[in-house]
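# Examining the three-dimensional arrangement
Here's the letter readout for the chains.
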Amino acid sequence: DQQVKQNSPSLSVQEGRISILNCDYTNSMFDYFLWYKKYPAEGPTFLISISSIKDKNEDGRFTVFLNKSAKHLSLHIVPSQPGDSAVYFCAASEAGSARQLTFGSGTQLTVLP
Amino acid sequence: GAGVSQSPSNKVTEKGKDVELRCDPISGHTALYWYRQSLGQGLEFLIYFQGNSAPDKSGLPSDRFSAERTGGSVSTLTIQRTQQEDSAVYLCASSLLSGNTEAFFGQGTRLTVV
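Keep in mind that what you see is a predicted model, and the values were worked out from it rather than measured. Within each chain, residue numbers correspond to sequence positions counted from 1 in written order. To label them, take the chains in the order written and letter them from A, then take the ligands in the order written and number them from 1. The model is predicted, so local features are restricted to residues of pLDDT at least 70 and side-chain atom pairs to those at 80 or more, both for listing and for counting; the totals for chains, interfaces and linings are taken over all residues. Each side-chain value is derived from all of the structure's non-hydrogen atoms; neither hydrogens nor water enter the calculation.

### Things to note about the overall build of chain A
Here a helix means four or more residues in a row that DSSP labels H or I, a strand means two or more in a row labelled E, and each is numbered from the N terminus. Each helix and strand in chain A was counted, giving 0 helices and 11 strands. Starting at the N terminus and ending at the C terminus, chain A contains elements arranged as β-β-β-β-β-β-β-β-β-β-β. Restricting the calculation to C-alpha atoms gives the radius of gyration, and the globule rule supplies 2.2 Å times the number of residues raised to the power 0.38. On C-alpha atoms alone, chain A measures out to a radius of gyration of 13 Å, which is about the 13 Å that the 2.2 N^0.38 rule sets for 113 residues. Dimensions of chain A along its principal axes, counting C-alpha atoms only, are 45 × 30 × 20 Å. Intrachain contacts of chain A at a sequence separation of at least 6 include 54% that bridge at least 24 residues. Here, residues are in contact when the closest pair of their heavy atoms is within 4.5 Å.

Here's what the structure looks like:
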């Protein structure tokens with residue numbers, strides 16, 4: 001049973017537009033959420049995170065929104081750039097579980113020039 | 001080193017052979033994870049080492065898989081009697097144990113079982 005779900009395997013957007021990547025989770029004990037970006041032949045790199053005490057965290061072009069009641073988070077990238085093309089993984093961890101990260105299946109973002 | 005280092009970067013092995021994959025975490029990171037990514041799939045959790053505590057092995061897919069972490073630093077993932085379905089990219093990550101913190105990944109080992 002997947003506890004972290006990314007239902008869109010792929011997303012294409014035009015350069016300069018907003019990219020919105022979505023993630024749903026089922027475990028109500030998750031209290032820390034992260035987004036990772038992965039280029040081919042490289043390991044995932046950390047992008048942005050959010051604690052459950054917040055509903056928004058912003059870092060430059062990247063903003064993560066958390067809706068705890070809906071168990072949903074999203075990553076907004078604006079404006080999107082061709083270099084943002086990568087696989088984006090959503091991850092979550094649970095307080096008291098020694099911070100084991102549970103990952104979603106990823107969304108391939110393609111930013112078209 | 002500055003980042004998580006994994007070796008080898010690529011490994012081709014014959015079905016039935018044993019393989020060892022190595023991970024050098026970031027110095028000072030007490031938590032270490034192993035994940036794998038099969039073709040077209042997400043990141044599958046395998047095992048988690050947390051300081052001196054017993055590892056969480058709940059993600060290991062079979063008893064052919066084992067991992068150890070010596071001296072709280074370097075970790076080795078061993079796959080015995082490899083099967084074709086073991087072909088995947090094996091990723092190691094490390095993090096600080098305390099607080100909300102991200103995990104840093106190595107570049108992975110691409111294992112191909114032929």
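What follows continues from the structure just given.
### Observations regarding the pairing of strand β4 (residues 31-37) of chain B
The two faces of a sheet get side chains in turn, since along a regular strand they alternate between them. Residues and elements named next belong to chain B. Classification of residues uses two cut-offs on accessible area relative to the type maximum, computed with a 1.4 Å probe and protein chains only: under 20% is buried, over 50% is exposed, and between them is partly exposed. Burial runs high along β4: 7 of the 7 residues are buried. Taking every second residue as pointing to the same face, both faces of β4 are buried, with A31, Y33, Y35 and Q37 on one and L32, W34 and R36 on the other. Two elements, β4 and strand β5 (residues 44-50), share 6 bridges in a ladder whose sense is antiparallel. Counterpart to L32 in the pairing with β5 is F49. For two strands to count as paired, DSSP must find a minimum of two bridges between them. Where β4 hands over to β5, the hairpin turn is made up of 6 residues, of which G40 adopts a positive phi near 75°. Sheet topology places β4 next to strand β8 (residues 88-95); 7 bridges connect them, and they run antiparallel. Residue pairing for β8: Q37 is matched across the bridge by V89.

### Examining the sheet that holds strand β3 (residues 19-24) of chain B
Residue and element names in this part refer to chain B. The strand order across the open sheet built from 4 strands is β1-β3-β7-β6, with neighbouring strands paired in antiparallel fashion. Taken across any chain shown, the strands that pair with only one partner, and hence form the sheet edges, are β1 (5-7) and β6 (65-69). Sheet twist, expressed as the average angle between the axes of neighbouring strands with direction ignored, equals 15°. Both β6 and strand β7 (residues 75-79) contribute to a ladder of 5 bridges, which runs antiparallel. Across the sheet, F65 pairs through a bridge with I79, a residue of β7. Fitted lines through C-alpha atoms serve as axes, helices being fitted only where they are in contact, and the angles separating the N-to-C directions of these axes extend from 0 to 180 degrees.

### A look at the state of the cysteines
Residue and element names in this part refer to chain A. The criterion for a disulfide is a pair of cysteine sulfur atoms lying within 2.5 Å. The final tally for this structure, using the stated rule, is 2 disulfides over all chains. Paired by a disulfide, C23 and C90 hold their sulfur atoms 2.0 Å apart. The chirality of the disulfide connecting C23 with C90 is left-handed, given an S-S dihedral of about -70°. Remark: C90 occurs in strand β9 (residues 86-94) and C23 occurs in strand β3 (residues 19-25); sequence separation between them is 67 residues. Across this residue pair, the class does not change: C23 and C90 are buried.

### Considerations on the sheet that holds strand β1 (residues 4-5) of chain A
Residue and element names in this part refer to chain A. Strand order in the open sheet formed by 5 strands is β1-β3-β8-β7-β6, with antiparallel pairing between adjacent strands. Taken across any chain shown, the strands that pair with only one partner, and hence form the sheet edges, are β1 and β6 (56-59). Two elements, strand β7 (residues 62-67) and strand β8 (residues 72-77), share 6 bridges in a ladder whose sense is antiparallel. In the sheet register, N67 faces β8, and the bridge partner there is H72.

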